[in-house]
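Examining the three-dimensional arrangement
Now for the letters of each chain:
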Amino acid sequence: MADLLRSASAEWKGDLRGGRGQMSASSGAFTDLAYSFTTRFENSPGSNPEEMIAAAHASCFSMAFANALSKEGHVPDSIRTTATCVMSPKEGGGFRVARMRLETVGQVSGVDEATFQRIAEQAKNNCPISVLLSPGLDTIELSARLA
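Residues numbered from 1 in each chain as written. Predicted model: local features only at pLDDT ≥ 70, side-chain atom pairs only at ≥ 80, totals over all residues. Heavy atoms only, no water.

Along its length, the chain carries 4 helices and 6 strands. For the chain, the succession of helices and strands along the chain, N to C, is β-β-β-α-α-β-β-α-α-β. Going through the 147 residues of the chain one by one, you find that 44% of them count as buried. Total accessible area computed for the chain in this model is approximately 7,400 Å², and 49% of it derives from carbon and sulfur atoms. (Helix = DSSP H or I, 4+ residues; strand = E, 2+ residues; numbered from the N terminus. Buried < 20%, exposed > 50% of the residue type's maximum accessible area, 1.4 Å probe, protein only. Areas by Shrake-Rupley, 256 points an atom, 1.4 Å probe, with all protein chains shown as cover.)

Have a look at this one:
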């Protein structure tokens, strides 16, 4: 396997009831609706593809997870997800997303650890960005725990 040369992490955390959260990454932090930040990352100075992918995945997974919890009758108080995107060189130049790591911590009343992890895995399988990236990835790792 080729040496993994580039990686970046981004964290999304927020109050899911209001649909708002804060995204932080090395290029800065801001507060906005979870799905409306990608243009800011594309146009902000110092942003890079791995950071933008990590930021998009962190918020998308958090929202997919909150939705999956709600469908099973659980109201999440908060979810904090850190996504790390690892890119490797591809033949002919450029980079490809090789691995994604999602680490999520949630506060959800009345849910045990096993249920939390089961629903997190379902959310990973249904998260639009996970689905989009998975065919070309070596792996999407998931770590989920209650706060």
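Here the focus is the side chain of Thr84. If you trace the backbone, Thr84 turns up in strand S4 (residues 76-89). Once residues within four sequence positions are removed from consideration, Thr84 is found in contact with Ala8, Ser9, Arg99, Met100 and Arg101. (Contact = heavy atoms within 4.5 Å.)

Bringing the side chain of Lys124 into the picture now. Tracing the backbone through its elements, the reader meets Lys124 in helix H3 (residues 113-126). Residue classification places Lys124 among the buried positions, given a relative accessible area of 14%. Every residue in contact with Lys124, bar those within four places of it in the chain, is listed here: Phe61, Leu102, Ser130, Ile140 and Leu142.

Over its 14 residues, H3 runs 20 Å from end to end, which matches the ideal 20 Å to within 8%, given 1.5 Å per residue. Buried within H3 we find Thr115, Phe116, Ile119, Ala120, Ala123 and Lys124. Those residues of H3 that are buried are in contact with helix H2 (49-71), strand S5 (95-108), helix H4 (128-133) and strand S6 (139-146). (Expected span 1.5 Å × (residues − 1).)

Moving on, we come to the nonpolar core. Grouped together as the largest cluster of nonpolar side chains are 35 residues, with contacts concentrated most on Phe61, Phe65, Cys85, Val97, Met100 and Phe116. Looking at this core, the elements with two or more residues in it are strand S1 (6-15), H2, S4, S5, H3, H4 and S6. The element contributing the most residues to this core is H2, with 13 residues. (Core = buried A, V, L, I, M, F, W, Y, C linked by side-chain atoms within 4.5 Å.)

Okay, the pattern of salt bridges next. Applying the stated criterion to the full structure yields 4 salt bridges. For Glu72, the salt bridge identified is with Arg118, shortest N-O distance 2.8 Å. Of this pair, Glu72 sits in the loop between H2 and S4 while Arg118 is found in helix H3, placing the two residues 46 residues apart along the sequence. Looking at Glu72, the relative accessible area reads 32%, which means it is partly exposed. (Salt bridge = Lys/Arg side-chain N within 4 Å of Asp/Glu carboxyl O.)

As for its placement among the helices and strands, Arg96 is situated in strand S5. When the C-alpha positions of Arg96 and Leu137 are compared, they lie 8.5 Å apart, and in sequence the two are 41 residues distant. Other than its neighbours up to four places away in sequence, Arg96 contacts Val86, Met87, Ser88, Lys90, Gly136 and Asp138.

Bringing the packing of H2 against H3 into the picture now. The angle between the axes and the distance between the axes are what describe a pair of packed helices. Running from amino to carboxyl end, H2 crosses H3 at an angle of 125°, the nearest separation of the two axes being 9 Å. What the angle tells us is that H2 and H3 run oblique. The two elements H2 and H3 cross, and the hand of that crossing is right-handed. Contacts between H2 and H3 pair Phe61, Ala64, Phe65, Ala68 and Leu69 from the former with Phe116, Ile119, Ala120, Ala123 and Lys124 from the latter. Considered class by class, the residues forming the contact of H2 with H3 number 9 nonpolar, no polar and 1 charged. (Axes fitted to C-alpha atoms, helices over the stretch in contact; angles between N-to-C directions. Parallel < 35°, antiparallel > 145°, perpendicular 65-115°, else oblique. Left-handed = near helix turned anticlockwise from the far one by under 90°. Nonpolar A, V, L, I, M, F, W, Y, C, P; charged D, E, K, R; others polar.)

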